[in-house]
Amino acid sequence: MSDQGELYGDSWILHYILNRMMGNQEMVAIRRKLTLVREHIDNAGKDNVHMIRTGSRAEGASVNGSDDDRMLIDNEVVVICPEQDISTTPDIADKTVFIMRDAHSRPGYVHLELIKGGHCSCKHLCESIVPVGDLMFISSEMYRRSFTDEYSNLFQFTADATGPATTLVNEHTRTGRDMDFVSAFICSSWPREADEWVNRPRLHEWPGKCLIDQIVHDGCYLVPVGDKTSPDPFLQWRISFVTAERKLIHSIGHVQFQVYCLIKYLKKQISTRLKQIYGDADIVSSYVIKTVLFYALEFTPLSFWQEKNLFLCLMLCLNILITWVNAAFCPNYFINTNNMFLGKVHGENQQKLLHILEDLHNMTWGCLSIGTFFKQSIGEYIRRVKHGAWELVLATPARLEREYDLNIIQGTMTINVTATHHKLFKDLGNLLCKSESDMDEYVAYYHMTRALSRKGMETFEKQLPSRGNKDKYNCLRKSKKTMTPFASVCSSPGLLTLATYHYQTGNYNKTLEMCGYVISSWRVCVDHLDDGDEDRYEHLYCGRGYNLLYKCQQAWVTSVKFSETCRLMCPSQLHPELPLTGNCIIPPRPYAIFLSFLCYYDLGDTRRRDAALTQLQTVKNDRSQGVSKWWIVHNILGICYEMIGDKVRALREYTESLGAKVPLQYLNPAKARIQQLKQSHYMEN
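Summary of the structure given here. (Residues numbered from 1 in each chain as written. Predicted model: local features only at pLDDT ≥ 70, side-chain atom pairs only at ≥ 80, totals over all residues. Heavy atoms only, no water.)

**Thoughts on the overall build of the protein**
In plain terms, the rule: Helix and strand labels come from DSSP, where a helix needs a run of H or I of at least four residues and a strand needs a run of E of at least two; each type is numbered from the N terminus. The reference for a compact globule is 2.2 Å times residues^0.38; the radius of gyration itself is calculated from the C-alpha atoms. Note on classification: 1.4 Å probe, protein chains only; a residue is buried when its accessible area is under 20% of the maximum for its type, exposed when over 50%, partly exposed between these limits. By definition in these notes, contact holds between two residues if any of their heavy atoms fall within 4.5 Å. Computed with a 1.4 Å probe, the accessible areas rest on the Shrake-Rupley method; for each residue, only the protein chains presented here act as cover.
Scanning the protein from N- to C-terminus turns up 26 helices and 15 strands. Taken over the C-alpha trace, the protein has a radius of gyration of 28 Å; the compact-globule value for 685 residues is 26 Å, and the two agree within 12%. Its C-alpha atoms give the protein principal-axis dimensions of about 80 × 75 × 55 Å. Across the 685 residues that make up the protein, the buried fraction comes to 54%. When contacts within the protein are restricted to residue pairs at least 6 apart in sequence, those whose partners lie at least 24 apart make up 66%. For the protein, the exposed surface amounts to about 30,400 Å²; the carbon and sulfur share of it is 51%.

In C-alpha cells:
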C-alpha cells in the first residue's frame, strides 16, 4: 500500500469525489429530512395502512440504481410476543391479533398464530388463514401471493415476487425506476430473539443508549417470507427491523456513510463479476453490506472514521466480509445467531465469492477502478484529480446552491397530497411556525398551500348536491379561496389548477390569462429535466440571494394531477384518462395550451383555437414535456383533432400514443379512444 502521506492525500481526494458523486453532508441531511416529510404526508389521515420508505434513497443516497422501496404496514393487524399479555396491549379492540410461535427454524423466523379475529377487511389476510390442528395460522406464502396477484391485477401486468417483496419494474412506476413493495405487520414489543442486541457489550458506545431505547420502544415488523433453508417455510414469517436500520444509518457520521456507499459500490462490482463468471449475482445481498458496516462501527472508535482514513475504513469493512465468507457465517446484526450465509455461501459458491473478494482486497486502490456503475470509475476520477482536474471535486458556491435547490424543490414538488386530514394541516402549521431555515419554511408553506388547494378541489366536487344557487355559490367561493394561495406558490400545478377552476366556471378570459403566463415563460419541469435546464437555472437564479419560495414561483413547475375523487375539476374531455388506480397526470406546458384550446373552442374563436393547436403540435417535440416522456400529450392532441372533426389525425395520435415507449402505458386509454372513434366513423357511414 502507498506510504501514509499519499494514503491520506488520496483518501481526502476520495472523500471530495464522493461528496460530488453521492452528496455532501448537507445534501444527505436534506434527502433524509424530505423522506420523513414525504412519509408523514403520505400517511396523513390513513388509518388502515401506513407506508414506510426504505432502501438507499430513504437512507440519503441518490445515485443511479439507488433503491426506492416501500413497506406497507397493515394497521388492522397486531402481532404480540409470546410473553406479552394481550389484556394489557393497547388499541387492539377491533384488530386482528397474532402471536409469535416457534417456527422450528433458524432464529429470526416465526409462525403467527391467530388468537383474536378483528375487522378482516384485508383480502390478503382473509385468504391466507389456514388451520393446523385446532389452531389457526397465517401462511406467509399465501399472503405474499395474494398481495402480488392484487398488484398484477391493479397494474395489468405480472408482478415479480422477490423474497418478501413485490417488484414493479420501471415502466410501471412514475419514477421510471424499479420499486419493491413489502406488506408487513407491526409488533410493538421487542422480540426476545434480539435481546442480545440490546445488552451487547459495546466498547465504543455505538449505538448510544438513547438510540437503543428508541429502537426497542418502536418494536419490529413481520414480513411474509420463510427461511429458504427450512424444509417447510409455508407458514414462516421473518422478523424485520427496517425502521431500526434506517434510524441507525441516519445516526452515523458522514465519513461512515461514505464508507457505506463505497461498500455498496463494491457490492455492485462483486455482483456483476459473479453474474459474468458464474451466472449468479445474488450471493451477497445489500443487507449483508449494511450488516458489515454496523459491526465495523461497533468494533472501532469514532476517531478512526476520518476523511484521511476513508480508504482504510473501506478495507476494514472488506476484511470483515472476507472473514465472514471464509467462515461461511454472517451474523445478523440484531439476531446474531442467525447466519445469513446459510444456504448461500458454502461449497463452490463460498470459494467463488472468496476468490473475488480477495482479488479486490489485493488490488488495494485498484478495486475502485473496475466496473461500469458510473460512466467513469471512482479510480479514474481520482487519477484525473491528481492530474489537476480539481473542478471534478470543488464545486462553485452557485453550483452547490443549484444542487441543493434541485434536491429540495424536486423532492418537495413531487410529493402528491392525496388526503386533507385535519391532522395534516395541524402538523404542517406547526412545522411552519417552528421553521428555522429557508428549507423548512419553503417545505411547510408549499405543502400547506398544496393541501389547501386539494381541499378546494374536494370542495368543488360538493357543488352538485347543493340545494340551491346560494349554497352552490358559497361552495364555489370557498373552493376558489382555498385554491388561490397555492397559485401564488408555483405556476404548475398551483396556477394551472386555479385556471382550471375558472374554465369550469366559465371565466375563459381569466383562464386564458393564467395559461398565457405559463406558456410564455421558461420553467424547469421537475418531472423530467431537459439538457441545459440546470445550467440556465444556475445562471438566472443562483448566487443572487433569492429564497426557495421565490425560486419556486419563478422557475419551477411540475405536472398537473387530477384524481377520480376530484372528477368535476378535471375537464370532461380528459375523463377517460382518469384511471381508477391513480391520477391523470399531464405536463404543465401542454396542459396550459390544451386548456387555452378548450377556451377558444367554447368561445367559437377558430383562429386562436387553431393557433393553440399549432402550439400543441410544436410542444409535442419538447424534450422534457413532449411525447418522448408523456403518452398523454399524444392523447390531448388527438382530443383536439376530434373536436375539430379531423378524425384521421386523431386516430394517428392515439395510435402513436399506444406505441410510445414511456412509463405507465397500462393507464393509457388510447385503445378505447381508437375503438370509439372507429365505431362513430362506422355509424356515420
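Don't stop here, the text continues.
**Focus: helix α21 (residues 548-555)**
Where we set the bar: By definition, the arc is the one covered by directions from the helix axis to the C-beta atoms. Whenever a nitrogen or oxygen atom comes within 3.5 Å of another N or O atom, the pair is scored as a polar contact, on the condition that within protein one atom can donate a hydrogen and the other can accept it, and that pairs from neighbouring residues in sequence are kept only if both atoms are in side chains.
When α21 is considered as a whole, its buried residues turn out to be L548, K551, C552 and A555. Viewed along the axis of α21, the buried residues span an arc of 105°, placing them on a single side of the element. Where α21 is buried, its residues contact α14 (397-413), α16 (438-460), β12 (524-525), α20 (533-541) and β13 (556-557). Of the residues that open α21, the one with a side-chain oxygen 3.3 Å from the backbone nitrogen of L549 is N547.

**A word on unusual backbone geometry**
Of the consecutive residues W206 and P207, the connecting peptide bond is found in the cis state with omega at -5°. Mapped onto the secondary structure, P207 falls in the loop between α6 (195-199) and α7 (209-218). Cis peptide bonds are those with omega within 30 degrees of zero, and the linkage from S492 to P493 qualifies with 15°. Checked against the element boundaries, P493 lands in helix α18 (residues 491-504). In this structure, A328 takes a positive phi of about 55° despite not being glycine. Of note, A328 is situated in the loop between α11 (310-327) and α12 (347-362). Of note in the backbone geometry, L664 takes a positive phi value of approximately 65° without being a glycine. Relative to the elements of secondary structure, L664 occurs in the loop between α25 (647-659) and α26 (670-684). A residue is classified by how much of its surface remains accessible, and L664, at 11% relative accessible area, is buried.

**Here's the deal with the nonpolar core**
Worth spelling out the cut-off: The set of buried Ala, Val, Leu, Ile, Met, Phe, Trp, Tyr and Cys residues whose side-chain atoms join them within 4.5 Å is what this entry labels a nonpolar core.
M100, L112, F185 and L368 are the most contacted members of the largest nonpolar core, which totals 91 residues. Filtering out sequence-adjacent residues up to four positions away, F185 remains in contact with D74, V77, V79, F98, L112, L125, I138, Y143, C220, Y221, L222 and W237.

**Some remarks on the side chain of Q350**
Considering the arrangement of structural elements, one finds Q350 in helix α12. A polar atom in the side chain of Q350 sits 2.8 Å from the backbone oxygen of V325. Discounting residues that sit within four places of it in the chain, Q350 has contacts with V325, N326, A327, A328 and V345.

**As for the state of the cysteines**
Condition: The rule for a disulfide is simple: a pair of cysteine sulfur atoms within 2.5 Å.
Across all of its chains, the model carries 0 disulfides by this definition. Counting only cysteine sulfurs, C187 is the nearest neighbor of C220, a cysteine outside any disulfide, at a range of 4.3 Å.

**What to know about the pattern of salt bridges**
When their charged atoms lie close together, side chains carrying opposite charge are able to pair. Rule in force here: Any Lys or Arg side-chain nitrogen found within 4 Å of a carboxyl oxygen on Asp or Glu counts as a salt bridge.
Under the definition given, this model contains 34 salt bridges. Between E39 and R246 there is a salt bridge, with its nearest N and O atoms 2.7 Å apart. With E39 in helix α2 (residues 25-43) and R246 in helix α8 (residues 242-251), this residue pair connects regions lying 207 residues apart in the sequence. R246 carries the same exposure label as E39, and that label is buried. Notably, a salt bridge pairs E458 with R454, separated by 3.4 Å at the nearest N-O pair. Separated by 4 residues within a single helix, E458 and R454 lie in helix α16, roughly one turn from each other. Residues participating in the shared-partner salt-bridge network are R399, R402, E534, D535 and E538.

**Considerations on helix α1 (residues 4-22)**
Stated formally: Residue count minus one, scaled by 1.5 Å, sets the expected span of a helix.
With 19 residues, α1 should cover 27 Å at 1.5 Å per step; its first-to-last C-alpha distance of 26 Å lies within 8% of that length. Those residues of α1 not exposed but buried are L7, D10, S11, I13, L14, H15, I17, L18, N19, M21 and M22. Phi turns positive, to about 110°, at G23, one or two residues after α1.

**A look at the packing of aromatic side chains**
Heads up, the rule is: Centres within 6.5 Å make a pair out of two Phe, Tyr or Trp rings, where for Trp the six-membered ring is used; the pair is then stacked when the planes are under 30 degrees apart, edge-to-face when over 60, and tilted otherwise. Whether a charge lies above a ring is judged from NZ of Lys or CZ of Arg, which has to be within 6 Å of the ring centre and within 35 degrees of the ring normal.
Evaluation of the coordinates by the stated rule reveals 30 aromatic pairs. Centre to centre, the rings of Y333 and F334 are 5.2 Å apart; their planes meet at 75°, and the pair counts as edge-to-face. Residue class for Y333 comes out buried when judged on its relative accessible area of 0%. Members of the aromatic cluster, each reached through a chain of ring pairs, are W190, W197, W206, F241, F294, Y295, F299, W324, Y333 and F334. Sitting over the face of the ring of W197, R202 holds its NZ or CZ atom 5.0 Å from the ring centroid.

**Looking at the packing of α1 against α11**
Let me state the cut-off plainly: Angles shown run from 0 to 180 degrees and are taken between the N-to-C directions of axes, each axis being a line fitted to C-alpha atoms and, for helices, limited to the stretch in contact. Oblique is the label for any angle not covered by the other classes, which are roughly parallel (under 35 degrees), roughly antiparallel (over 145) and roughly perpendicular (65 to 115). Each residue gets one label: Ala, Val, Leu, Ile, Met, Phe, Trp, Tyr, Cys and Pro are nonpolar, Asp, Glu, Lys and Arg are charged, and the others, such as Gly, are polar.
Their axes nearest at 7 Å, the elements α1 and α11 cross at an angle of 85°. Relative to α11, α1 is oriented roughly perpendicular. Judged by residue contacts, L7, S11, L14, H15 and L18 of α1 engage L310, F311 and L312 from α11. Here the residues of the contact of α1 with α11 are counted per class, giving 6 nonpolar, 2 polar and no charged.

**So, the environment of V110**
Mapped onto the elements, V110 comes out in strand β4 (residues 109-116). A relative accessible area of 2% places V110 in the buried class. Measuring from C-alpha to C-alpha, the distance between V110 and H634 comes to 52 Å, with 524 residues separating the pair along the chain. If we skip the residues at most four places from it in the chain, V110 touches M100, R101, A103, E193, L222, L235, Q236, W237 and I239.

**Examining the environment of A672**
Locating A672 in the fold gives a position in helix α26. It is 52 Å that separates the C-alpha atoms of A672 and D134, two residues lying 538 residues apart in sequence.

**Comments concerning the packing of α16 against helix α17 (residues 469-487)**
When two helices pack together, their arrangement is captured by the angle between the axes and the distance separating the axes. Condition: In a left-handed crossing the near helix is turned counterclockwise from the far helix by less than a right angle, and in a right-handed crossing that turn is clockwise.
One way to put it is that α16 packs onto α17 with a least axis distance of 7 Å and a crossing angle of 160°. Taken together, the axes of α16 and α17 are roughly antiparallel relative to one another. Here the hand of the crossing between α16 and α17 comes out left-handed. Of the residues in α17, those touching α16 at Y446, T449, R450, L452, S453, K455, G456, M457, T459 and F460 are C475, L476, K478, S479, T482, M483, P485 and F486. Residues that form the contact of α16 with α17 fall into these classes: 9 nonpolar, 6 polar and 3 charged.

**Some words on the pairing of strand β8 (residues 165-168)**
We apply this condition: Think of it this way: DSSP has to see at least two bridges between two strands before they count as a pair.
With burial as the criterion, each face of β8 is covered, one bearing A165 and T167 and the other bearing T166 and L168. Two elements, β8 and strand β9 (residues 179-187), share 4 bridges in a ladder whose sense is antiparallel. The partner of T167 across the bridge, within β9, is D180.

So, to be careful, I would describe these as geometric facts and stop short of saying anything about function.
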